[in-house]
Amino acid sequence: MLITLSPNTPPTTRAAVLAAALERGFQVQSMDNGRGGSVIGVAGSLGHDLLELPGVESVQTVHKPYMLASREARSTSVVMVGDVAIGAGTPVVMAGPCSIESEAAQIAIALDVKRAGATILRGGAFKPRSSPYSFQGMGEDGLRALATARQASGLPVVTEVMEPEQVDLVAEYTDMLQIGSRNMANFPLLKRVGRSNVPVLLKRGFAATQEEFLMSAEYIMAGGNPDVVLCERGIRAFDSAFRFTLDLNVVPSLRELTHLPVMVDPSHGTGRRSLVGRMAMAGIAAGADGLMLEVHPDPDNALSDGYQTITPDELAHICRRGAAVHDALRGFDEQDELASIATFDTLDEGAEVALSA
Ligand code: PEP
Ligand code: MN
(Lines give C-alpha, C1' and ligand atoms only; values in the text may rest on other atoms or scores of the structure.)
(Ligands and ions follow the chains in the order given, each with its own letter.)
Protein backbone atom coordinates (compact mmCIF):
# COMPACT_ATOMS: atom_id res chain seq x y z
CA MET A 1 0.00 0.00 0.00
CA LEU A 2 1.01 3.64 -0.48
CA ILE A 3 0.73 6.14 2.35
CA THR A 4 1.11 9.77 1.34
CA LEU A 5 2.32 12.22 3.99
CA SER A 6 1.79 15.97 3.66
CA PRO A 7 4.78 18.37 3.82
CA ASN A 8 4.68 19.10 7.54
CA THR A 9 3.89 15.68 8.89
CA PRO A 10 5.20 15.24 12.45
CA PRO A 11 8.05 12.71 12.69
CA THR A 12 5.92 10.66 15.08
CA THR A 13 3.56 9.75 12.22
CA ARG A 14 6.35 8.44 10.01
CA ALA A 15 7.80 6.53 12.97
CA ALA A 16 4.39 4.97 13.72
CA VAL A 17 3.93 3.82 10.11
CA LEU A 18 7.43 2.36 9.93
CA ALA A 19 7.01 0.60 13.28
CA ALA A 20 3.65 -0.89 12.24
CA ALA A 21 5.19 -2.18 8.98
CA LEU A 22 8.26 -3.61 10.66
CA GLU A 23 6.19 -5.28 13.35
CA ARG A 24 4.32 -7.21 10.66
CA GLY A 25 7.52 -8.00 8.79
CA PHE A 26 6.56 -5.94 5.71
CA GLN A 27 9.22 -4.34 3.54
CA VAL A 28 8.95 -0.57 3.60
CA GLN A 29 10.51 2.28 1.62
CA SER A 30 9.80 5.96 1.47
CA MET A 31 10.53 8.65 -1.11
CA ASP A 32 9.52 12.22 -1.76
CA ASN A 33 6.29 12.62 -3.68
CA GLY A 34 7.30 15.61 -5.78
CA ARG A 35 4.81 17.89 -4.02
CA GLY A 36 6.81 18.66 -0.87
CA GLY A 37 5.55 15.63 1.04
CA SER A 38 6.54 12.00 0.94
CA VAL A 39 5.11 8.62 0.13
CA ILE A 40 5.73 5.41 2.04
CA GLY A 41 5.39 2.13 0.17
CA VAL A 42 4.54 -0.82 2.39
CA ALA A 43 4.62 -4.33 0.95
CA GLY A 44 1.48 -5.39 2.79
CA SER A 45 -1.68 -3.96 4.29
CA LEU A 46 -1.68 -1.95 7.51
CA GLY A 47 -5.33 -1.00 7.60
CA HIS A 48 -7.03 2.31 7.02
CA ASP A 49 -6.88 3.59 10.65
CA LEU A 50 -3.53 5.09 9.61
CA LEU A 51 -5.63 7.86 8.08
CA GLU A 52 -6.26 9.13 11.63
CA LEU A 53 -2.56 9.94 12.16
CA PRO A 54 -1.67 13.64 11.78
CA GLY A 55 -0.20 14.43 8.36
CA VAL A 56 -1.51 11.36 6.55
CA GLU A 57 -2.96 12.70 3.33
CA SER A 58 -4.11 9.48 1.72
CA VAL A 59 -3.83 5.72 1.96
CA GLN A 60 -3.97 3.79 -1.32
CA THR A 61 -4.18 0.06 -1.54
CA VAL A 62 -2.08 -0.52 -4.62
CA HIS A 63 -2.04 -4.11 -5.79
CA LYS A 64 0.55 -3.53 -8.48
CA PRO A 65 3.79 -5.37 -7.85
CA TYR A 66 5.59 -2.15 -8.77
CA MET A 67 3.98 0.23 -6.29
CA LEU A 68 6.85 2.73 -5.90
CA ALA A 69 7.29 2.98 -9.67
CA SER A 70 3.55 3.26 -10.27
CA ARG A 71 1.94 6.44 -11.51
CA GLU A 72 -0.14 6.45 -8.30
CA ALA A 73 2.93 6.84 -6.08
CA ARG A 74 3.93 10.39 -6.91
CA SER A 75 3.97 13.23 -9.41
CA THR A 76 6.07 12.85 -12.58
CA SER A 77 9.70 12.24 -11.68
CA VAL A 78 12.56 14.34 -12.94
CA VAL A 79 15.93 12.60 -12.66
CA MET A 80 19.03 14.76 -12.48
CA VAL A 81 22.20 13.49 -14.13
CA GLY A 82 24.82 16.05 -13.20
CA ASP A 83 23.04 19.27 -14.13
CA VAL A 84 20.88 17.66 -16.84
CA ALA A 85 17.22 17.08 -16.00
CA ILE A 86 15.57 14.00 -17.56
CA GLY A 87 11.78 14.14 -17.60
CA ALA A 88 11.46 17.91 -17.24
CA GLY A 89 9.88 18.48 -20.66
CA THR A 90 12.88 18.93 -22.96
CA PRO A 91 14.12 15.71 -24.59
CA VAL A 92 17.62 14.79 -23.49
CA VAL A 93 20.12 13.27 -25.89
CA MET A 94 22.73 10.80 -24.60
CA ALA A 95 25.30 10.03 -27.25
CA GLY A 96 28.71 8.49 -27.75
CA PRO A 97 30.33 5.30 -28.95
CA CYS A 98 29.12 1.83 -28.07
CA SER A 99 32.54 1.12 -26.51
CA ILE A 100 35.13 3.51 -25.17
CA GLU A 101 38.13 2.95 -27.46
CA SER A 102 40.85 5.22 -26.05
CA GLU A 103 41.12 8.37 -23.98
CA ALA A 104 41.86 10.57 -27.02
CA ALA A 105 38.97 9.09 -28.99
CA GLN A 106 36.56 9.52 -26.08
CA ILE A 107 37.54 13.18 -25.62
CA ALA A 108 37.17 13.86 -29.34
CA ILE A 109 33.72 12.22 -29.53
CA ALA A 110 32.62 14.04 -26.37
CA LEU A 111 33.35 17.38 -27.99
CA ASP A 112 31.69 16.25 -31.23
CA VAL A 113 28.46 15.07 -29.61
CA LYS A 114 28.32 18.19 -27.47
CA ARG A 115 28.62 20.36 -30.57
CA ALA A 116 25.86 18.31 -32.20
CA GLY A 117 23.48 18.97 -29.29
CA ALA A 118 23.85 16.01 -26.94
CA THR A 119 23.95 16.82 -23.24
CA ILE A 120 25.04 13.45 -21.78
CA LEU A 121 28.04 11.43 -22.97
CA ARG A 122 27.89 7.66 -23.21
CA GLY A 123 30.48 4.95 -23.70
CA GLY A 124 30.83 1.38 -22.48
CA ALA A 125 33.90 0.29 -20.49
CA PHE A 126 32.49 -3.11 -19.48
CA LYS A 127 30.70 -4.60 -22.48
CA PRO A 128 28.18 -7.46 -22.45
CA ARG A 129 29.13 -9.07 -25.79
CA SER A 130 27.28 -12.04 -27.23
CA SER A 131 30.57 -13.74 -28.14
CA PRO A 132 33.30 -14.22 -25.52
CA TYR A 133 35.84 -13.57 -28.30
CA SER A 134 34.51 -10.08 -29.14
CA PHE A 135 36.07 -6.93 -27.65
CA GLN A 136 34.99 -6.87 -24.01
CA GLY A 137 35.68 -3.20 -23.33
CA MET A 138 38.61 -1.32 -21.79
CA GLY A 139 37.52 -1.94 -18.20
CA GLU A 140 38.82 0.49 -15.60
CA ASP A 141 41.08 2.22 -18.14
CA GLY A 142 37.90 2.95 -20.08
CA LEU A 143 36.27 4.43 -17.00
CA ARG A 144 39.28 6.71 -16.55
CA ALA A 145 39.04 7.79 -20.19
CA LEU A 146 35.35 8.52 -19.72
CA ALA A 147 36.05 10.66 -16.65
CA THR A 148 38.70 12.59 -18.57
CA ALA A 149 36.26 13.17 -21.42
CA ARG A 150 33.68 14.39 -18.91
CA GLN A 151 36.19 16.91 -17.63
CA ALA A 152 37.20 18.02 -21.12
CA SER A 153 33.61 18.47 -22.35
CA GLY A 154 31.71 19.33 -19.19
CA LEU A 155 29.13 16.67 -20.14
CA PRO A 156 27.88 14.26 -17.47
CA VAL A 157 28.45 10.62 -18.37
CA VAL A 158 26.60 7.30 -18.39
CA THR A 159 28.25 3.89 -18.56
CA GLU A 160 27.22 0.29 -18.04
CA VAL A 161 27.80 -1.77 -14.92
CA MET A 162 27.44 -5.54 -15.28
CA GLU A 163 28.16 -7.02 -11.85
CA PRO A 164 27.18 -6.13 -8.29
CA GLU A 165 30.87 -6.21 -7.31
CA GLN A 166 31.65 -3.50 -9.89
CA VAL A 167 29.07 -0.98 -8.73
CA ASP A 168 31.32 0.97 -6.33
CA LEU A 169 34.11 1.15 -8.88
CA VAL A 170 31.91 2.29 -11.78
CA ALA A 171 30.04 4.75 -9.56
CA GLU A 172 33.33 6.49 -8.77
CA TYR A 173 33.68 7.53 -12.40
CA THR A 174 30.15 8.08 -13.67
CA ASP A 175 27.10 10.30 -13.22
CA MET A 176 24.66 7.56 -14.19
CA LEU A 177 24.85 3.76 -14.04
CA GLN A 178 23.49 1.88 -17.04
CA ILE A 179 21.93 -1.55 -16.56
CA GLY A 180 21.97 -3.24 -19.94
CA SER A 181 19.21 -5.22 -21.58
CA ARG A 182 20.87 -8.53 -20.76
CA ASN A 183 20.99 -7.62 -17.09
CA MET A 184 17.50 -6.19 -16.66
CA ALA A 185 16.56 -9.24 -14.60
CA ASN A 186 19.89 -9.59 -12.79
CA PHE A 187 18.27 -9.13 -9.39
CA PRO A 188 21.46 -9.04 -7.30
CA LEU A 189 22.71 -6.24 -9.58
CA LEU A 190 19.39 -4.36 -9.34
CA LYS A 191 19.44 -4.65 -5.55
CA ARG A 192 23.01 -3.43 -5.44
CA VAL A 193 22.40 -0.31 -7.58
CA GLY A 194 19.31 0.23 -5.45
CA ARG A 195 21.65 0.85 -2.52
CA SER A 196 23.74 3.34 -4.47
CA ASN A 197 22.89 7.02 -4.75
CA VAL A 198 23.80 7.31 -8.42
CA PRO A 199 20.93 7.59 -10.95
CA VAL A 200 20.25 4.48 -13.00
CA LEU A 201 19.41 4.04 -16.68
CA LEU A 202 17.52 0.75 -16.83
CA LYS A 203 17.32 -0.75 -20.31
CA ARG A 204 14.45 -3.09 -21.11
CA GLY A 205 15.30 -6.75 -21.52
CA PHE A 206 14.74 -7.63 -25.17
CA ALA A 207 12.31 -10.38 -24.18
CA ALA A 208 10.82 -8.64 -21.15
CA THR A 209 7.21 -7.61 -20.81
CA GLN A 210 6.35 -4.09 -19.80
CA GLU A 211 5.37 -5.33 -16.35
CA GLU A 212 8.65 -7.19 -15.87
CA PHE A 213 10.45 -4.01 -16.90
CA LEU A 214 8.59 -2.03 -14.24
CA MET A 215 9.26 -4.68 -11.60
CA SER A 216 12.97 -4.41 -12.32
CA ALA A 217 12.69 -0.66 -11.76
CA GLU A 218 10.87 -1.46 -8.52
CA TYR A 219 13.81 -3.59 -7.33
CA ILE A 220 16.06 -0.54 -7.62
CA MET A 221 13.56 1.76 -5.94
CA ALA A 222 12.77 -0.71 -3.17
CA GLY A 223 16.48 -0.63 -2.33
CA GLY A 224 16.24 3.12 -1.69
CA ASN A 225 17.31 4.63 -5.04
CA PRO A 226 14.40 6.60 -6.56
CA ASP A 227 16.41 7.94 -9.53
CA VAL A 228 15.52 5.46 -12.23
CA VAL A 229 15.14 6.24 -15.94
CA LEU A 230 13.63 3.56 -18.19
CA CYS A 231 14.97 2.94 -21.69
CA GLU A 232 13.16 1.08 -24.46
CA ARG A 233 15.87 -0.42 -26.68
CA GLY A 234 14.03 -2.89 -28.88
CA ILE A 235 12.61 -6.33 -28.37
CA ARG A 236 13.25 -9.51 -30.28
CA ALA A 237 10.57 -10.16 -32.86
CA PHE A 238 10.22 -12.75 -35.62
CA ASP A 239 11.69 -10.85 -38.55
CA SER A 240 15.38 -11.55 -38.90
CA ALA A 241 15.66 -8.47 -41.13
CA PHE A 242 16.03 -6.48 -37.90
CA ARG A 243 18.41 -7.09 -35.04
CA PHE A 244 15.68 -5.86 -32.67
CA THR A 245 12.33 -4.09 -33.10
CA LEU A 246 11.83 -0.81 -31.30
CA ASP A 247 8.62 -1.24 -29.30
CA LEU A 248 7.30 2.30 -29.28
CA ASN A 249 3.95 1.17 -27.85
CA VAL A 250 5.56 1.11 -24.44
CA VAL A 251 6.45 4.80 -24.45
CA PRO A 252 2.92 6.24 -24.11
CA SER A 253 1.88 3.09 -22.25
CA LEU A 254 4.61 3.47 -19.61
CA ARG A 255 3.62 7.12 -19.31
CA GLU A 256 0.21 5.87 -18.10
CA LEU A 257 1.66 3.34 -15.69
CA THR A 258 4.68 5.06 -14.15
CA HIS A 259 5.98 8.46 -13.04
CA LEU A 260 9.52 7.52 -14.17
CA PRO A 261 11.09 9.14 -17.26
CA VAL A 262 11.28 7.00 -20.42
CA MET A 263 14.08 7.15 -23.00
CA VAL A 264 14.29 5.46 -26.40
CA ASP A 265 17.41 3.89 -27.95
CA PRO A 266 16.89 3.60 -31.72
CA SER A 267 20.48 2.39 -32.26
CA HIS A 268 20.00 -1.01 -30.59
CA GLY A 269 16.27 -0.81 -31.35
CA THR A 270 16.85 -1.06 -35.09
CA GLY A 271 20.35 -2.47 -35.38
CA ARG A 272 20.70 -0.59 -38.65
CA ARG A 273 22.29 2.81 -39.15
CA SER A 274 19.97 3.86 -41.97
CA LEU A 275 16.89 3.42 -39.75
CA VAL A 276 18.14 5.26 -36.68
CA GLY A 277 17.20 8.83 -37.67
CA ARG A 278 13.57 8.15 -38.54
CA MET A 279 13.04 5.93 -35.49
CA ALA A 280 14.61 8.63 -33.32
CA MET A 281 11.95 11.03 -34.63
CA ALA A 282 9.31 8.39 -33.95
CA GLY A 283 10.60 8.00 -30.40
CA ILE A 284 10.24 11.73 -29.78
CA ALA A 285 6.76 11.69 -31.35
CA ALA A 286 5.83 8.76 -29.07
CA GLY A 287 6.62 11.04 -26.12
CA ALA A 288 10.07 9.90 -25.04
CA ASP A 289 11.93 12.02 -22.50
CA GLY A 290 15.06 11.56 -24.55
CA LEU A 291 17.16 9.46 -26.87
CA MET A 292 20.23 7.31 -26.48
CA LEU A 293 22.30 7.12 -29.66
CA GLU A 294 25.51 5.38 -30.62
CA VAL A 295 27.81 7.83 -32.37
CA HIS A 296 31.35 7.44 -33.75
CA PRO A 297 33.40 9.55 -36.18
CA ASP A 298 34.08 6.46 -38.32
CA PRO A 299 31.22 4.00 -37.66
CA ASP A 300 32.57 1.34 -40.03
CA ASN A 301 35.65 1.05 -37.89
CA ALA A 302 34.03 1.26 -34.46
CA LEU A 303 35.13 -1.55 -32.13
CA SER A 304 31.51 -2.59 -31.49
CA ASP A 305 28.04 -2.02 -32.97
CA GLY A 306 29.35 0.00 -35.93
CA TYR A 307 26.50 -1.15 -38.21
CA GLN A 308 24.00 0.73 -36.02
CA THR A 309 26.24 3.71 -35.24
CA ILE A 310 25.74 7.17 -36.77
CA THR A 311 28.19 10.04 -37.29
CA PRO A 312 28.28 13.32 -35.33
CA ASP A 313 26.77 15.11 -38.36
CA GLU A 314 23.82 12.72 -38.39
CA LEU A 315 23.45 13.28 -34.65
CA ALA A 316 23.29 17.06 -35.19
CA HIS A 317 20.52 16.52 -37.75
CA ILE A 318 18.58 14.31 -35.29
CA CYS A 319 18.97 16.86 -32.48
CA ARG A 320 17.73 19.71 -34.69
CA ARG A 321 14.80 17.91 -36.22
CA GLY A 322 13.96 16.11 -32.98
CA ALA A 323 13.53 19.46 -31.24
CA ALA A 324 11.16 20.53 -34.04
CA VAL A 325 9.12 17.32 -33.74
CA HIS A 326 8.90 17.82 -30.00
CA ASP A 327 7.73 21.41 -30.46
CA ALA A 328 5.17 20.42 -33.07
CA LEU A 329 3.58 18.00 -30.60
CA ARG A 330 3.68 20.26 -27.54
CA GLY A 331 0.37 19.99 -25.67
CA PHE A 332 -0.76 17.00 -27.75
CA ASP A 333 -2.06 15.09 -24.71
CA GLU A 334 -3.76 18.03 -23.07
CA GLN A 335 -7.52 18.20 -22.67
CA ASP A 336 -8.21 21.48 -24.51
CA GLU A 337 -6.15 20.18 -27.41
CA LEU A 338 -8.29 17.02 -27.50
CA ALA A 339 -11.42 19.14 -27.40
CA SER A 340 -10.31 21.14 -30.41
CA ILE A 341 -9.49 17.98 -32.36
CA ALA A 342 -12.96 16.64 -31.52
CA THR A 343 -14.58 19.58 -33.36
CA PHE A 344 -13.21 18.19 -36.64
CA ASP A 345 -15.49 15.23 -36.17
CA THR A 346 -18.66 17.23 -35.67
CA LEU A 347 -20.50 17.06 -38.95
CA ASP A 348 -23.30 19.46 -39.73
CA GLU A 349 -26.70 18.05 -40.53
CA GLY A 350 -26.30 18.41 -44.30
CA ALA A 351 -23.01 16.53 -44.31
CA GLU A 352 -24.49 13.71 -42.25
CA VAL A 353 -27.33 13.36 -44.71
CA ALA A 354 -24.89 13.40 -47.63
CA LEU A 355 -22.75 10.71 -46.00
CA SER A 356 -25.68 8.41 -45.24
CA ALA A 357 -27.08 8.75 -48.76
C1 PEP B 1 24.76 -0.49 -25.09
O2 PEP B 1 24.10 0.50 -24.73
O3 PEP B 1 25.83 -0.43 -25.71
C4 PEP B 1 24.17 -1.82 -24.86
C5 PEP B 1 24.94 -2.90 -24.75
O6 PEP B 1 22.83 -1.79 -24.83
P7 PEP B 1 21.77 -2.96 -24.58
O8 PEP B 1 22.04 -3.43 -23.20
O9 PEP B 1 20.46 -2.29 -24.75
O10 PEP B 1 22.03 -4.03 -25.60
MN1 MN C 1 26.08 -1.03 -28.28
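It should be emphasised that the depicted structure is a prediction, and the values quoted were computed from it without experimental measurement. Each chain carries its own residue numbering, running from 1 in the direction its sequence is written. Chain A is the first chain written and ligand 1 is the first ligand written, with later ones labelled in order. Reporting of local features is limited, given that this is a predicted model, to residues whose pLDDT is at least 70; pairs of side-chain atoms are given and counted only at 80 or more, and all residues count toward the totals for whole chains, interfaces and linings. Water and hydrogen atoms were dropped before computing side-chain values, which therefore reflect all heavy atoms in the structure.

A few points about the packing of helix 2 (residues 103–116) against helix 3 (residues 140–153)
(1) Moving on: It is at 8 Å that the axes of helix 2 and helix 3 come closest, and there the two elements cross at 40°. Between helix 2 and helix 3, the angle falls in the class oblique. Read as a crossing pair, helix 2 and helix 3 show a hand that is right-handed. Between helix 2, through Glu 103, Gln 106, Ile 107, Ala 110, Leu 111 and Lys 114, and helix 3, the contact on the second element is made entirely by Ala 145, Leu 146, Thr 148, Ala 149, Ala 152 and Ser 153.
(2) Moving on: Under the scheme applied, nonpolar residues are Ala, Val, Leu, Ile, Met, Phe, Trp, Tyr, Cys and Pro; charged residues are Asp, Glu, Lys and Arg; polar residues are all the others, including Gly. Taken together, the residues that form the contact of helix 2 with helix 3 break down as seven nonpolar, three polar and two charged. Axes, fitted as lines to C-alpha atoms, cover a helix only where it is in contact. Angles between the N-to-C directions of the axes lie from 0 to 180 degrees. The helix count covers DSSP runs of H or I at least four residues long, the strand count covers runs of E at least two residues long, and both are numbered beginning at the N terminus. Under this scheme an angle from 65 to 115 degrees is roughly perpendicular, one under 35 degrees roughly parallel, and one over 145 degrees roughly antiparallel; angles in between are oblique. The handedness criterion is simple: a crossing whose near helix is rotated anticlockwise from the far helix by less than a right angle is left-handed, and one whose near helix is rotated clockwise is right-handed. Throughout, a residue-residue contact means that at least one pair of heavy atoms, one from each residue, lies within 4.5 Å.

Thoughts on the side chain of Gln 178
(1) Moving on: Position of Gln 178 relative to the elements: it lies in strand 10 (residues 176–179).
(2) Moving on: With near-sequence residues (within four places) excluded, Gln 178 lies in contact with Arg 122, Val 158, Thr 159, Glu 160, Val 161, Leu 201, Lys 203 and Met 292.

Comments concerning the sheet that holds strand 13 (residues 262–264)
In any sheet, the strands associate via hydrogen bonds between backbone groups, in a parallel or an antiparallel arrangement.
(1) Moving on: A strand pair is defined by DSSP finding two or more bridges across the two strands. An order of 7-8-9-10-11-12-13-14 is seen for the eight strands of this closed barrel, with the pairing classed as parallel. Taken over all neighbouring pairs, the strand axes of this sheet differ in orientation by 25° on average, direction set aside.
(2) Moving on: As defined by bridge partners, strand 8 (residues 120–122) adjoins strand 9 (residues 157–160) across two bridges and the pair is classed as parallel. When the sheet's bridge partners are listed, Leu 121 is paired in strand 9 with Val 157.
(3) Moving on: With respect to the sheet, helix 2 is in contact with strand 7 (92–96) and strand 8, its orientation differing from that of strand 8 by roughly 145°.

Worth remembering: the numbers are spatial, not functional.
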